[in-house]
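Structure at a glance
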Amino acid sequence: MYPEHGTEPVPCGDACGILPSCAPLAVPYVPFQQTGAKRYEQMEALSSGTLYPGLDLPFRAKKTAAAVAESPLTQLQALEFVVQELALYLDTHPSDGEAFALFQKYTAMEQEARASYAAANGPVMRSDAAASKTYTWPKEPWPWNSDEGRG
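As the structure is a prediction and not an experimental result, all values here were calculated from the model. (Residues numbered from 1 in each chain as written. Predicted model: local features only at pLDDT ≥ 70, side-chain atom pairs only at ≥ 80, totals over all residues. Heavy atoms only, no water.)

**Notes on the overall build of the protein chain**
A tally of helices and strands in the protein chain yields four helices and zero strands. Secondary structure elements of the protein chain, listed N to C terminal, follow the sequence α-α-α-α. Carbon and sulfur atoms make up 59% of the accessible area of the protein chain, which amounts to about 10,700 Å² in all. (Helix = DSSP H or I, 4+ residues; strand = E, 2+ residues; numbered from the N terminus. Areas by Shrake-Rupley, 256 points an atom, 1.4 Å probe, with all protein chains shown as cover.)

See the structure below:
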């Protein structure tokens, strides 16, 4: 990598996982989010790992949204993901009124979806267990252990 340092280049395969001792430091780059940027629909955002297509950098292990089985639980996860992405965006763009309106809309949708899911399947979060007559949080099956969406 650096012949001037007296070392021979060491080839690294994709799955090698070990860098040569003289590997250069990386300089990461993440594009700055623009106000009014395009957004994915919630399931595509969950699958892509970002709400914003402009930040969707290639990742070879990524699942496509079409491959994610749609169910009440994955819909809830997608809504929670979008709420989190919008909150992170608003941390750096607090005056973006459109994004704040979307944050409010998706937060209300997420709360409704979580309440509906918890009523049908049991608590998803500890705070959901507070609405029960007894504390049912530690009882099986956990939401992620169910067969929902598997097939």
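Anyway, onward from the coordinates.
**Notes on helix α3 (residues 97-121)**
Residues separated by three or four positions in an α-helix point in the same direction, a consequence of the helix having 3.6 residues per turn. Relative to the 36 Å expected for 25 residues at 1.5 Å per residue, α3 spans 35 Å between its end C-alpha atoms, a close match to the ideal helical length. Contacts made by the buried residues of α3 are with α1 (42-48), α2 (72-92) and α4 (126-129). The N-capping residue of α3, defined by a side-chain oxygen 3.2 Å from the backbone nitrogen of E98, is D96. Positive backbone phi, at 100°, marks G122, one or two positions downstream of α3. (Expected span 1.5 Å × (residues − 1). Contact = heavy atoms within 4.5 Å. Polar contact = N/O pair within 3.5 Å; in protein donor to acceptor, adjacent residues only side chain to side chain.)

**Focus: the confidence of the model for the protein chain**
Mean pLDDT over the protein chain: 76, with 63% of residues reaching 70 or higher. Across the protein chain, α3 holds the top mean pLDDT of 92, while α4 sits lowest at 78. (pLDDT = per-residue confidence, 0-100.)

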